[in-house]
Amino acid sequence: MTARGLIVRQAGLAASVQDLGRPGYQRQGVAEGGAVDPRALVAGAAILGQAPDLAAVELVGMGGQYEAFGGAVRVALTGAAFKASLDGRPVRWNTSFVIEPGQVLALGGCEPDSGVYGYLHLGGGIEVPRVLGSRSTHLRAVFGGHQGRLLRAGDRLVAGPDAAGKVGLTFDSPWEEHPKVVRVLWGVQAGEFAPAERERFTATTFTVTPARDRMGMKLDFQGAPFVTERSLTLISDAVVLGDVQIPGDGKPIVLLADRQPTGGYPRLATVITADLPALAQLPAGARFRFQPVSEAMAVEALKRYRHELGGLAAAVRPVLRSLDDVAYLLSVNLIDGVISGDMDDQ
Amino acid sequence: MISEPPKLHLAGDTAWLVDFGERTDDAVNNAVIAFDAHVRAAGLAGIVETAPTIRSVLVRFDPLVLAPERLAERLQAWLTERDWLASEPPAGRKRWFVPVHYGGEDGPDLAEVAARLGMSEAEVIADHGRAAQRVRMLGFAPGFVYTGMLGEAWALPRRNQVRAAVPPGSIAVAVRQTVLTSTTVPTGWWVIGKSPFLAFDLERERPFLLQAGDELVFEAIGAEEAATLLARAHAGEAVARVEPIA
């Protein structure tokens, strides 16, 4: 069987192949990595009716252009919405469709205020070798994903075997966009900060800055820098996803997927697992507060978060609801019996 | 030695950090390595992974499988089970003889380190290789190794300027420790040399070679020998002599 997939005609700003990450190697200094917004990764798999551990393209800033080769390719777009068209006709986010050979999917800039990280999924996932158990790109160490690097024009993304044939499916997102409150647990070094500093941390409105990447996001705020009571020269220690570090300038950095496994800055708080993906999707300029919660509340929130992820596959439904939808489906190869067999599911 | 009992800190909703104290001595590192091995061997359902550091053990877990307070009870019970600070070094430790080409383009900070230490460059090289240094932690980047401790004279602060990218194999010093890199990384440490030996190399049958508790002896080599060894390293050889520590 000949290879089938997408050729990158024009690369986005920082598109990389990511899956659910590479846990288990923190003891060797290997970043866990994986999609910054795992919700979007699971959602894309649900729409395409496939396993959530397959790899997709993570898009940042500008999406790029992708042309199908070797045969028709089912795709889905999730996460932050980018301007998207297929041979010039608009396509919808959070919906599966088909790219016929020679057709070009053009993904422009991210829609204002939509988020930061978008995901382009292929039916069957992206066939790249698993390195240390994962298909995620470790950009710093240059391995995993597609040759360990960001995608470039000319790269061929080969799709895995795609058993399911359904397209024209979408889902209704259970998630609140752009939270104003992000829940945290106090961090490992919270005790190094005076009670008044901790109180100020919870009362402060933070602004997301453009200084961000897959490793972390820098926050800004009005007021004096946050300081520890004594001057700290911490021995480098293990860090975790969502740690809120306070570096020398007193302005927090929230650690994300590609965080280095050890660090020496004091950690004032840690964002709860359930709230981290939405925080990571906040566009520059967005404002929010941190709210300390109990460990029990964090676990309760995690339970709900996992329940929502687990329910995505069941929440998938056909796009078709109105005449507008028919016109839309006609424009993106979805009529002609490709989906007819699935229409009576509802 | 008087020391505080180890402390448990919640590190987010999916990890406990078992902290053996703000110390960098062998007793603490032995305790960390022994406790990490104990937790792993227990094989408790719900533990996702553990990561030992210089002075702590991170225990990542799934709180929906293993409740945080239940895991904390188990960790506390294990901590009081014995005097971890009296632990022996781990079994099967190895001593690696790591060839280093000091100075020149491979060690751009050698001259300044010599000036700060009040030594000649030759004395710095000799002193750096004088005693075996213990691997205390792997962290920061794949195969990024922290070793120590060097003599008091080596208590250098980190550089004010971070070098944006130093190559794999770089040997850098600060705060009485040496770090070895295996990938291209930024660093604020003083780069004094480069080794053809890589602790992490995916091209090799065994990608990771070093373990906490191992010892490194740095051996000065010339530029020509470094080039020869680098070619052999690229062919998959470890290019560091190794012997068991009795």
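Predicted, not measured: the structure shown is a model, and the values here were computed from it.

Visitor: Sorry if this is basic, but what is going on with the overall build of chain B here?
Guide: Helix and strand counts for chain B come out as five helices and 14 strands. For a compact globule of 246 residues, the expected C-alpha radius of gyration is about 18 Å, and chain B comes in at 19 Å, within 12% of that figure. Referenced to the eigenvectors of the C-alpha coordinate spread, the extents of chain B come out at roughly 55 × 40 × 40 Å. Taken over 246 residues, chain B has a buried fraction of 55%. Taking contacts inside chain B between residues at least 6 apart in sequence as the whole, the part at least 24 apart equals 64%. Of the accessible surface of chain B, which amounts to about 10600 Å², a share of 51% is contributed by carbon and sulfur atoms. The averaged location of the 32 negative side-chain charges in chain B is 2 Å from the averaged location of its 24 positive side-chain charges.

Visitor: Help me out: how do you make sense of the pairing of strand E2 (residues 15-19) of chain B in this one?
Guide: Within a regular beta strand, the side chains point alternately toward one face of the sheet and then the other, so they alternate between its two faces. Extensive coverage of E2(B) is indicated by the burial of five of its five residues. The alternating pattern of E2(B) places Ala15(B), Leu17(B) and Asp19(B) on one face and Trp16(B) and Val18(B) on the opposite face, and all of these are buried.

Visitor: Where do I start with the packing of helix H3 (residues 110-117) of chain B against helix H4 (residues 121-128) of chain B in this structure?
Guide: The description of two packed helices rests on the angle between their axes and on the distance between the axes. Residues and elements named next belong to chain B. The N-to-C vectors of H3 and H4 enclose an angle of 85 degrees; their axes lie 9 Å apart at closest approach. Put simply, H3 runs roughly perpendicular to H4. Along the contact surface, H3 presents Leu110, Ala111, Val113, Ala114 and Leu117, while H4 presents Glu121, Val124 and Ile125.

Visitor: What is the right way to read the sheet that holds strand E1 (residues 7-10) of chain B from this model?
Guide: The strands making up a sheet associate through hydrogen bonds between their backbones, and the pairing can be parallel or antiparallel. Residue and element names in this part refer to chain B. Taken in spatial order, the four strands of this open sheet run E1-E2-E4-E3, and their pairing is antiparallel. Whereas interior strands pair on both sides, the edge strands pair on one side only; in this sheet they are E1 and strand E3 (47-52). Averaged over neighbouring strand pairs, the angle between their axes works out to 20 degrees when direction is ignored. Across five bridges, the pairing between E2 and strand E4 (residues 56-61) is antiparallel.

Visitor: Before we go on, may I ask you to explain the interface of chain B and chain A in this structure?
Guide: One widely used convention gives an interface's size as the accessible area the parts lose upon coming together. With 43 residues of chain B in contact, the opposing surface of chain A contributes 38 residues. For the chain B and chain A pair, buried surface summed over both sides reaches about 3500 Å², with 60% attributable to carbon and sulfur atoms. The largest share of the area that chain B buries against chain A comes from Asp13(B), Leu64(B) and Phe140(B), three residues that together contribute 18% of it. The shortest N-O distance in the salt bridge between Asp36(B) and Arg27(A) comes to 2.8 Å. For the side of chain B that touches chain A, the secondary structure elements donating two or more residues are E1, E2, helix H1 (26-42), E3, E4, helix H2 (68-81) and strand E6 (133-138) of chain B.

Visitor: When you look at the pattern of salt bridges in this model, what are you seeing that I'm missing?
Guide: A side chain with one charge can pair with a side chain of the opposite charge if their charged atoms come near. All chains considered together, the criterion is met by 35 salt bridges over all chains. Here Glu237(B) and Arg232(B) are joined by a salt bridge, their closest N and O atoms 2.7 Å apart.

Visitor: Just to check I follow, could you spell out the nonpolar core for this structure?
Guide: Nonpolar side chains tend toward joint burial in soluble globular proteins. With 46 residues, the main nonpolar core has Trp96(B), Val113(B), Val173(B), Phe197(B), Leu210(B), Leu216(B) and Phe218(B) as its most contacted residues. For Phe197(B), the residues in contact, after removing those within four places along its chain, are Trp96(B), Val98(B), Pro99(B), Gly169(B), Leu180(B), Leu209(B), Leu210(B), Ala238(B), Val239(B) and Ala240(B). Membership of the second largest hydrophobic core comes to 42 residues, among which are Ile272(A), Leu302(A), Tyr305(A) and Leu66(B).

Visitor: What is the right way to read the confidence of the model for chain B from this model?
Guide: It should be kept in mind that the predicted coordinates are not to be read in detail where pLDDT is low. Taken as a whole, chain B shows an average pLDDT of 95; of its residues, 99% reach a score of 70 or greater. If you check the scores for this complex, the pTM reads 0.93 and the ipTM reads 0.93.

Reading the values: rules and limits
- Residues numbered from 1 in each chain as written.
- Chains lettered and ligands numbered in written order.
- Predicted model: local features only at pLDDT ≥ 70, side-chain atom pairs only at ≥ 80, totals over all residues.
- Heavy atoms only, no water.
- Helix = DSSP H or I, 4+ residues; strand = E, 2+ residues; numbered from the N terminus.
- Rg over C-alpha atoms; globule rule 2.2 N^0.38 Å.
- Buried < 20%, exposed > 50% of the residue type's maximum accessible area, 1.4 Å probe, protein only.
- Contact = heavy atoms within 4.5 Å.
- Areas by Shrake-Rupley, 256 points an atom, 1.4 Å probe, with all protein chains shown as cover.
- Lys, Arg positive; Asp, Glu negative; His and termini not counted.
- Charge placed at Lys NZ, Arg CZ, Asp CG, Glu CD.
- Axes fitted to C-alpha atoms, helices over the stretch in contact; angles between N-to-C directions.
- Parallel < 35°, antiparallel > 145°, perpendicular 65-115°, else oblique.
- Pairing = 2+ DSSP bridges.
- Buried area = accessible area lost by both parts, 1.4 Å probe.
- Salt bridge = Lys/Arg side-chain N within 4 Å of Asp/Glu carboxyl O.
- Core = buried A, V, L, I, M, F, W, Y, C linked by side-chain atoms within 4.5 Å.
- pLDDT = per-residue confidence, 0-100.

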